Amino acid sequence: MSMPQVPPSSSVAFPSGDPFKDTPKSLDWSRSDIERRLGFHGGRFTSPGNTLSLIIALLLTAAFYTAIILVQQKWPQTRWFAAMFLERGPCPYPTMLLFFWALALLLLKWRKLVFQRRVFGLPLMPQEPEFVLTSATAREVRERMSTLVDNPHNFVLFNRIDLALANLHNIGHTADVAAILKVQAENDEAQIASSYGIIQGFMWGIPVLGFIGTVLGLSQAIGAFTDTLQAGGDLTAIRASLKTVTGGLATAFETTLVALVCAFILQLIVSFMQSLESQFLDNCNDVCSRQVAGKLRLQET
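Each value, and the rule that gives it
- Residues numbered from 1 in each chain as written.
- Predicted model: local features only at pLDDT ≥ 70, side-chain atom pairs only at ≥ 80, totals over all residues.
- Heavy atoms only, no water.
- Helix = DSSP H or I, 4+ residues; strand = E, 2+ residues; numbered from the N terminus.
- pLDDT = per-residue confidence, 0-100.
- Contact = heavy atoms within 4.5 Å.
- Phe/Tyr/Trp six-rings, centres within 6.5 Å; stacked < 30°, edge-to-face > 60°.
- Buried < 20%, exposed > 50% of the residue type's maximum accessible area, 1.4 Å probe, protein only.
- Lys NZ or Arg CZ within 6 Å of the ring centre and 35° of its normal.
- Axes fitted to C-alpha atoms, helices over the stretch in contact; angles between N-to-C directions.
- Left-handed = near helix turned anticlockwise from the far one by under 90°.
- Nonpolar A, V, L, I, M, F, W, Y, C, P; charged D, E, K, R; others polar.
- Parallel < 35°, antiparallel > 145°, perpendicular 65-115°, else oblique.

Engineer: Give a detailed account of unusual backbone geometry, specifying residues and quantitative values.
Structural biologist: A positive phi is found at phenylalanine 45, a non-glycine position, where the angle reads about 55°. Locating phenylalanine 45 in the fold gives a position in the loop between α2 (34–37) and α3 (50–74).

And the structure:
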């Protein structure tokens, strides 16, 4: 009868009995954050920086206008669409820049949110049912977080847990821990909400640019209409001035149309991103409630 094969000693896993055994670092914000990876200063948590987003916006704007020109040259029937961006005064250019800048900010926010959500898959707490959080085990949990990520304060969830556990030696009962977690949750919500400030500013500025284009177009049309009245019976002059009138009216309406469409698209994307971040914060609250507050065993007063 053949004897069972024994694996090499190097591959045998012996249980150490230590629930806080060292584990390889799983997440490195300094190397994996999308802005840091490209050599830019990374914003806190899901907040994007302005430098990289502006560069992306400039590239997207240049690519957009290049594509419009090339398409117009290849398919002349699309000239009406190209004219909305190329022949309607100066306002469409900053409108599209702000639109693409906001899109770039939202794209970076989404990538940062995806990275932040990866902490939910990390084994922070031991799985033993009898494990409880005390002042002693809390110190080990904090050390374990440092082995899982490069810096717990770069992650929304780990930062919240670390701040709560760091104050355990000053806490008399579990209600104080819940209060700390609640305050930090409110701070995280405020921080994420403030990261939409510049995007909200762009969403306000884009329609304003459209209205400025409307005023400029109407001013041009009114001035040309005055010339039409002064032309008398000169049909050539009347035709030329009427072209200017219709061009001014096109500028007035189409610049507003472009701005409102851009603002509408941004509003939809912002609402979607806010729902994703709200769900992320709810998940953080649930983890803190179950794995931190639910496992605390401190002296009650």
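From this point, things continue past the structure.
Engineer: Lay out the confidence of the model for the chain in plain terms, naming residues and giving numbers.
Structural biologist: Residues of the chain with pLDDT of at least 70 account for 77%, and the chain-wide mean is 80. Ranking the helices and strands of the chain by mean pLDDT puts helix α5 (residues 92–117) first, with 95, and helix α9 (residues 197–230) last, with 79. Confidence over residues 1–23 falls short of pLDDT 50; this stretch has 16 contacts with residues more than four positions distant or in other chains.

Engineer: Just give me the short version of the environment of threonine 78, but keep the residues and values in it.
Structural biologist: Among the structural elements, threonine 78 can be located in the loop between α3 and α4 (79–86). As for threonine 78 and isoleucine 68, which are separated by ten residues in sequence, their C-alpha atoms are 8.9 Å apart. Residue contacts for threonine 78: discarding those within four places in its chain leaves Val71 and Gln72.

Engineer: Now, about the packing of aromatic side chains: what can you tell me, with residues and values included?
Structural biologist: The final tally for this structure, using the stated rule, is eleven aromatic pairs. Geometrically, the ring pair formed by phenylalanine 64 and tyrosine 65 is edge-to-face, given 5.5 Å between the ring centres and 85° between the ring planes. Take tyrosine 65: its relative accessible area is 9%, and that puts it in the buried class. Ring centres 4.9 Å apart and planes at 45° place the aromatic pair tryptophan 101 and phenylalanine 202 in the tilted group. On the criterion of sequence distance, the pair formed by tryptophan 101 in helix α5 and phenylalanine 202 in helix α9 is long-range, its members being 101 residues apart. Take tryptophan 101 and phenylalanine 202: they sit in the same class, and that class is buried. What links up through ring pairs into an aromatic cluster is the set Phe64, Tyr65, Trp80, Phe81, Phe85, Tyr93, Phe99 and Phe100. Of note, lysine 109 hangs over the ring of tyrosine 196, and the distance from its end group to the ring centre comes to 4.4 Å.

Engineer: Describe the packing of α3 against α4, with residues and values.
Structural biologist: Contact pair α3 / α4: the axes reach a minimum separation of 9 Å and the direction vectors enclose 145°. For the pair α3 and α4, the crossing hand works out as left-handed. Mapping the contact onto sequence places Phe64, Tyr65, Ile68, Ile69 and Gln72 in α3 and Arg79, Phe81, Ala82, Phe85 and Leu86 in α4. Tallied by class, the residues present in the contact of α3 with α4 amount to eight nonpolar, one polar and one charged.

Engineer: Residues and numbers for the packing of α3 against α5, please.
Structural biologist: Relative orientation of the contacting elements α3 and α5 amounts to 130°, with a least axis distance of 8 Å. Between α3 and α5, the crossing angle belongs to the class labelled oblique. The way α3 lies across α5 gives a crossing that is right-handed. Residues Asn50, Leu52, Ser53, Leu54, Ile56, Ala57, Leu58, Leu60, Thr61, Phe64 and Tyr65 of α3 lie in contact with α5, whose contacting residues are Pro92, Tyr93, Met96, Leu97, Phe100, Trp101, Ala104, Leu105 and Leu108. Looking at the contact of α3 with α5 residue by residue, the classes come out as 17 nonpolar, three polar and no charged.

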